[in-house]
Each structure stands twice: as structure tokens, then as C-alpha cells.
Amino acid sequence: MKLIFLNIHLLSLAVALGSMLIAEHLISERVIFARKKPFSVDVYETVLFASRAVSVALLLLWLSGVGFVVLGSLDDPGYIENQKIWAKVSIVLLMSLNGIYIHRTLLPRLREVSQGGSLIHDATESATFRLSFAVSIAGWLLAAFYGTAKFLNQGYQYSELFGLYLVIVVLLFAFSYLVHPERKAVPPAAAADVETSH
């Protein structure tokens, strides 16, 4: 049974990582960082499909993770004292909340972008979207790392493991401004005109 949960867990991580990287590359390249590439309806549909794949993977991650904890606790009552488990639970919980935000706020806005609107209207929205991407990227990468790093099972505190995640989120958030300073987003129609003129 543990092997089944392990395969589901690893497959979920792989699907989520691949889908997340595809979606966030398309969004950041065309919208967040104001590259001169149109965010078409086809691109939006690709992002929507990838987002749904991540949501399914996240659900499977929760189910397989709970299965691991239950089976581990049956074999060893002290299993749940592993601080890495609770760090992973906290990270996945934040990613789940971030996923709700993405589906309720970001995806509807992206639909408007694909029809000629703008995603970002002010600096606050830009910061919010950048932070959302940082939470997602850091979460999936660190969840995959923690899932395979058995040496972290002992000798590390929750504050260290979860604190590392928060540090990575902050670094990714700051890095986005260093690589791509704040600029006004280019609506798809305008971006298409620019490309056509070249």
C-alpha cells in the first residue's frame, strides 16, 4: 500500500511541476513582465488546462500524503513527530490557499487579458501576482525536495524547514523585480500590433 501512495505522490509532484512551469512561463513572459508577445485565447486555454492539472495533482498530493501519515503512524506512533511532515503540510496548505486565489482572481483576469484587456492595473496587483507565483514555485520545488530528502527526517526543527520555504519565497519575489523591473503590462492587441509592425 505504501508503494501505491508513493507512486501517486511522485506522479502528482511531476505533473504539478511540469504544468506549473508551463503556465507560469506563459503568464510571466507575456503578461507579468510585459514582453511583446500576445496572450491569445489559445495561450489562455493552455494556462487553464495546466492550472486544472495542478489542482488535480494537489488533491492527489493531499490524499497520498494523508495515506502516508496514517500508514506511518500505524507502523510507528512516533512517525507524526517528524518535523519535516508538518513543514510539508504547511507548505501544501499555503499552496492550496494560493490555488484558490489563482482560480478566483488570476484566471478570470487572464480571460480578460486574452480578449484584449490588461492583467495589471497598479503596483499592488503586480506585487500580489508576483508573490503568488513565488509561493507556487517555491512550494512545488521544495515539496519535491522534502519528499525525497530522507536526511531531513531527523535533526531539523519545523521552524528551520518551513523557514527555508519562506526565505525562498521572499528571494523569488525580490528576484522577479531585479530581473524584470516594474513596467506597465502590454495588452494582447497592442503586443500583436507591435509584432506585426516588425
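Residues numbered from 1 in each chain as written. Predicted model: local features only at pLDDT ≥ 70, side-chain atom pairs only at ≥ 80, totals over all residues. Heavy atoms only, no water.

1. Regarding the packing of aromatic side chains
The final tally for this structure, using the stated rule, is seven aromatic pairs. The interplanar angle of 65 degrees and the centroid separation of 6.3 Å between the aromatic rings of Phe145 and Phe151 together place this pair among those described as edge-to-face. Owing to a relative accessible area of 54%, Phe151 belongs among the exposed residues under this scheme. Between Phe162 and Tyr165 the ring centres are 5.8 Å apart and the planes differ by 35 degrees, which places this aromatic pair in the tilted class. Here Phe162 pairs with Tyr165, and both are found in helix α5 (residues 158-179), just three residues apart, close to one helical turn. A single burial state applies to Phe162 and to Tyr165, both of which are buried. One aromatic cluster is present, formed by Phe145, Tyr146 and Phe151 through successive ring pairs. (Phe/Tyr/Trp six-rings, centres within 6.5 Å; stacked < 30°, edge-to-face > 60°. Buried < 20%, exposed > 50% of the residue type's maximum accessible area, 1.4 Å probe, protein only. Helix = DSSP H or I, 4+ residues; strand = E, 2+ residues; numbered from the N terminus.)

2. Overview of the nonpolar core
Core analysis: the largest hydrophobic core is formed by 26 residues, its most contacted members being Ile91, Trp140, Tyr146 and Tyr165. Secondary-structure elements contributing two or more residues to this core are α1 (2-32), α2 (41-75), α3 (83-114), α4 (123-148) and α5. A per-element tally of this core places α4 first, with eight residues. Those residues within four positions of Tyr146 in sequence are excluded, and the remaining contacts are Lys84, Ala87, Lys88, Ile91, Leu152, Leu161 and Leu164. Membership of the second largest hydrophobic core comes to 16 residues, among which are Leu26, Val47, Ala50 and Phe129. (Core = buried A, V, L, I, M, F, W, Y, C linked by side-chain atoms within 4.5 Å. Contact = heavy atoms within 4.5 Å.)

3. Things to note about the environment of Gly163
With respect to the helices and strands, Gly163 occurs in helix α5. Between the alpha carbons of Gly163 and Ala87 there is a distance of 8.8 Å; along the sequence they are 76 residues apart.

4. Focus: a nonpolar patch on the surface
Where nonpolar side chains cluster on the molecular surface, the patch consists of Met1, Ile4, Ile8, Val56, Leu59, Leu60 and Leu63 and spans about 660 Å² of accessible area. For the nonpolar patch, the secondary-structure elements that each account for two or more residues are α1 and α2. In terms of residues, the nonpolar patch owes the most to one element, α2, which gives four residues. (Patch = residues over 30% accessible without salt bridge, like charges linked within 9 Å, V, L, I, M, F, W, Y side chains within 5 Å. Areas by Shrake-Rupley, 256 points an atom, 1.4 Å probe, with all protein chains shown as cover. Salt bridge = Lys/Arg side-chain N within 4 Å of Asp/Glu carboxyl O.)

5. Remarks on the confidence of the model for the chain
Here the chain averages 83 in pLDDT, and 87% of its residues register 70 or above. Within the chain, the lowest mean pLDDT, 45, falls on helix α6 (residues 188-197), and the highest, 93, falls on α5. Low pLDDT (under 50) marks residues 185-198, which in the prediction has 23 contacts with non-local residues, meaning those over four places away or in another chain. (pLDDT = per-residue confidence, 0-100.)

6. Some remarks on the environment of Gly65
Mapping Gly65 onto the fold places it in helix α2. C-alpha separation for the pair Gly65 and Lys88, spaced 23 residues apart in sequence, amounts to 9.4 Å.

7. Quick notes on the side chain of Glu24
On the secondary structure map, Glu24 appears in helix α1. Within the buried set, Glu24 has no salt-bridge partner at all; the shortest N-O distance to an opposite charge, 12 Å, is to Arg130. Here Ser136 takes part through its side chain, which lies 3.1 Å from a polar atom of the side chain of Glu24. If near-sequence neighbours (up to four positions away) are discounted, Glu24 is found in contact with Phe133, Ser136 and Ile137. (Lys, Arg positive; Asp, Glu negative; His and termini not counted. Polar contact = N/O pair within 3.5 Å; in protein donor to acceptor, adjacent residues only side chain to side chain.)

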